[in-house]
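# A structural walkthrough
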2 protein chains.
Amino acid sequence: MSALPSLLAALKGGDRRALARAITLVESTRPDHREEAERLVEAILPFAGGSVRIGVSGPPGAGKSTFIEAFGRAGLERGRRIAVLALDPGSKRGGGAILGDKTRMAFLASAPEAFIRPSSAGVIEGGVGRRTREAILLCEAAGFDAVLVETVGAGQSETAVSEMADMLIVILSPAGGDELQGLKRGILEVADMILINKADGELAPLARRAEAEYRSALRLLRPPCPEWQVPVRAVSALEGTGIAAIWEDVERFRAVAEASNGWAERRALQARRALWSEIEESLLERLRAAPQLARRLRLEEAEVTAGKRSPWAAARTLISLFLGENPASK
Amino acid sequence: MSALPSLLAALKGGDRRALARAITLVESTRPDHREEAERLVEAILPFAGGSVRIGVSGPPGAGKSTFIEAFGRAGLERGRRIAVLALDPGSKRGGGAILGDKTRMAFLASAPEAFIRPSSAGVIEGGVGRRTREAILLCEAAGFDAVLVETVGAGQSETAVSEMADMLIVILSPAGGDELQGLKRGILEVADMILINKADGELAPLARRAEAEYRSALRLLRPPCPEWQVPVRAVSALEGTGIAAIWEDVERFRAVAEASNGWAERRALQARRALWSEIEESLLERLRAAPQLARRLRLEEAEVTAGKRSPWAAARTLISLFLGENPASK
């Protein structure tokens, strides 16, 4: 408990084990941990914010890990310190996921200037961890100047990641060019950059075709940043083709966004939205967990679903119960 | 107050003036009205649900009103009773909007089997009225068997409408085919049908081209219903070309959705989501309006936006204040 000052010092010194411990603390759901975690996050805030936060998203099998391994390596060669937060809602097996990710990114896992944090803890609906935002801040306080947040394109994860990243890179496989893959909602609209991976061997022509198709599909959509034309590139993470150059795209994106003040505005907006979604989620969590509501909640929900009661009236009843019977709620 | 039984009777008799009064009551923000409105909605629930709920969305200038006028007329000719809820977040001028909509849909406005309700009251961020769900139920209780909800494609309105419609028709103008228009987020992903309007006169070739372009762009996206291939059609609402046939698409969509049980499932899911978003919105509303929080809320929000405080800690402080200082909150 009183280990906080030493944890803080080790963290600021760039100690990767301290960083891992700090993230574990922040992800913990134990009430006593939570208080300490909050104090830790408040304490590191002045030292956070200095990285470029890159979301890496895409459907399973697109080669995200291979990309991150190659991209991260190229970043290390440019003198960057790379942190990877790998979120996988599918692998809830704890140790399995951790071993898996470290194997998938063997070079980064052994590089002293890199940090990999595989996590399935608290991964919520959008495919993003409930405390990923705080984990990013911790990585920054530990001196990592590029934080990659990897998430599997499961429904709305791209949108969720784009809410905490400065730039969102979407990785697709060449098969994405035909209708079989079926892109999830919103994936094209929130991408700041689209990579068609596996442009190697037999798949190379397919990747080129997919590149052209996505480029023309993108023309129908409004770009997330008005000043930024979203690049679509065929690359090969396996062979490293086109990977190092993406760091130049990242720099270019940052320059464009900073010139228009979009960089700072995006972060301010993200922070404010995070406040409100935190308020929203916590309030709902409290309501869902309120013991005096449990039975009534199930009842109202069933009736609403069956069309026997209006959502409007049911909501009012539940909220009155929640606020009224929770005088000094804990 | 005690006018409720007679209002209910008139409503169930299909009286359009009673329907208009009922919607006004439901949209009212006066606390005493709200209670009465809730009782009214609960009372009509057993008589609601019988219509096909069609969302009509699209960017300004695509010809949504012209389409609804032609489409509604074709529906009346098929013996349907048509209700139109026209939502326009832009026209907050009250009388102006009402007059405007009735003029834009002159035929429907004068047809005895149709009902038009222009509304800018309580139109929230998503471009959908806060009480549109309840207005649909009232229309159904009044015997309307097709309810068209018109909304301007302003950001997330398509998603919001798709949360209360059985089927979402998106109307685009031929200019939508080139990159200048720039479709808003999610518009392609939630559409159950896409119409390229203005396929008449000089614009006809452009409309055909846009039809082909959207059709191929759609192939990259997953359809909202797996069993339903989203039709893309060039039509002319002005000349009536292709309009009557859309009723057949509506029937076909319904048959497909009912066969897979998707119709009922979608409605059940919508109702449950409506319950939770109602709970969410009302809780946030209460928190925002809590007088004891006002100063603190502004302070925390400013610090979070400036990156001086974490959203996490700020949210916890505010929620504790909210729940703690609200013993028997009203």
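For the structure given in this document, a descriptive report is provided here.

Procedures and definitions
Residues numbered from 1 in each chain as written. Chains lettered and ligands numbered in written order. Predicted model: local features only at pLDDT ≥ 70, side-chain atom pairs only at ≥ 80, totals over all residues. Heavy atoms only, no water. Phe/Tyr/Trp six-rings, centres within 6.5 Å; stacked < 30°, edge-to-face > 60°. Helix = DSSP H or I, 4+ residues; strand = E, 2+ residues; numbered from the N terminus. Buried < 20%, exposed > 50% of the residue type's maximum accessible area, 1.4 Å probe, protein only. Lys NZ or Arg CZ within 6 Å of the ring centre and 35° of its normal. Salt bridge = Lys/Arg side-chain N within 4 Å of Asp/Glu carboxyl O. Axes fitted to C-alpha atoms, helices over the stretch in contact; angles between N-to-C directions. Parallel < 35°, antiparallel > 145°, perpendicular 65-115°, else oblique. Contact = heavy atoms within 4.5 Å. Nonpolar A, V, L, I, M, F, W, Y, C, P; charged D, E, K, R; others polar. Pairing = 2+ DSSP bridges.

Take the packing of aromatic side chains next. Here the structure, examined in full by the defined rule, presents 8 aromatic pairs over all chains. Here Phe 71 of chain A and Trp 247 of chain A contribute two aromatic rings whose centre-to-centre distance is 4.2 Å and whose plane-to-plane angle is 10°, an arrangement assigned as stacked. Here Phe 71 of chain A, found in helix α4 (residues 64-77), pairs with Trp 247 of chain A, found in helix α11 (residues 246-259); they are 176 residues apart in sequence, far enough to count as distant. On the basis of relative accessible area, Phe 71 of chain A is assigned to the buried category, the value being 0%. Relative accessible area serves as the criterion here: at 0%, Trp 247 of chain A is assigned to the buried category. Each ring, one from Phe 115 of chain B and one from Phe 144 of chain B, has its centre 6.0 Å from the other, and the planes form 45°; the classification is tilted. Placement of Phe 115 of chain B in strand β3 (residues 114-119) and of Phe 144 of chain B in the loop between α7 (132-141) and β4 (146-152) is noted, with a sequence separation of 29 residues between them. For the pair Phe 115 of chain B and Phe 144 of chain B, one class covers both residues: buried. Through a chain of ring-to-ring contacts, three or more aromatic side chains come together here, namely Phe 67, Phe 71 and Trp 247 of chain A. Sitting above the plane of the Phe 107 of chain A ring, Arg 73 of chain A keeps its charged end 3.8 Å from the centroid.

Looking now at the pattern of salt bridges. Under the counting rule described, the total for this entry stands at 48 salt bridges over all chains. The closest approach of N and O atoms between Arg 80 of chain A and Glu 251 of chain A, which form a salt bridge, is 2.5 Å. Here Arg 80 of chain A, found in the loop between α4 and β2 (82-87), pairs with Glu 251 of chain A, found in helix α11; they are 171 residues apart in sequence, far enough to count as distant. The salt bridge partner of Glu 301 of chain A is Arg 272 of chain B, with a shortest N-O separation of 3.6 Å.

What follows concerns the packing of α11 of chain A against helix α12 (residues 262-289) of chain A. All names here are of chain A. Contact geometry of α11 with α12 gives a least axis separation of 5 Å together with a crossing angle of 85°. What the angle tells us is that α11 and α12 run roughly perpendicular. Residues Phe 253, Arg 254, Ala 257 and Glu 258 of α11 touch α12, and the partners they reach there are Gly 262, Trp 263 and Arg 266. Counted by class, the contact of α11 with α12 contains 3 nonpolar, 1 polar and 3 charged residues.

The next point concerns the packing of helix α3 (residues 31-44) of chain A against helix α14 (residues 311-324) of chain B. Any two packed helices are characterised by how steeply their axes cross, that is the angle between the axes, and by the distance between the axes. Running from N to C, α3 of chain A and α14 of chain B cross one another at 130°; their axes reach a closest spacing of 9 Å. Judged by the inter-axis angle, α3 of chain A sits oblique to α14 of chain B. Across the interface between the two elements, Arg 34, Glu 35, Ala 37, Glu 38, Val 41 and Glu 42 of chain A from α3 of chain A touch Trp 312, Ala 313 and Arg 316 of chain B from α14 of chain B.

Residue and element names in this part refer to chain B. Pairing in this open sheet of 7 strands is parallel, and the strands run β3-β2-β4-β1-β5-β6-β7 from one edge to the other. For this open sheet the edge positions go to β3 and β7 (232-234), each flanked by a neighbour on one side alone. Put simply, the sheet's adjacent strands are angled 20° from each other on average, direction ignored. Of the pairings in the sheet, the one linking strand β2 (residues 82-87) to β3 comprises 6 bridges and is parallel in character.

This next bit is on the sheet that holds strand β1 (residues 52-58) of chain A. Residues and elements named next belong to chain A. Taken together, the 7 strands give an open sheet; going across it, the order is β3-β2-β4-β1-β5-β6-β7, and neighbouring strands pair in parallel fashion. Each of the sheet's edge strands pairs with one partner strand only, and the pair in question is β3 (114-119) and β7 (232-234). Each neighbouring strand pair of the sheet contributes to a mean axis angle of 20°, computed without reference to strand direction. Both strand β5 (residues 167-172) and strand β6 (residues 193-196) contribute to a ladder of 4 bridges, which runs parallel. Bridge assignment links Ile 169 to a residue of β6, and that residue is Met 193. Relative to the sheet, helix α7 (residues 132-141) contacts β1, β2, β3 and β4 (146-152), its axis offset from that of β2 by approximately 165°. Across the face of the sheet, helix α10 (residues 204-218) comes into contact with β5, β6 and β7 while running at roughly 175° to β7.

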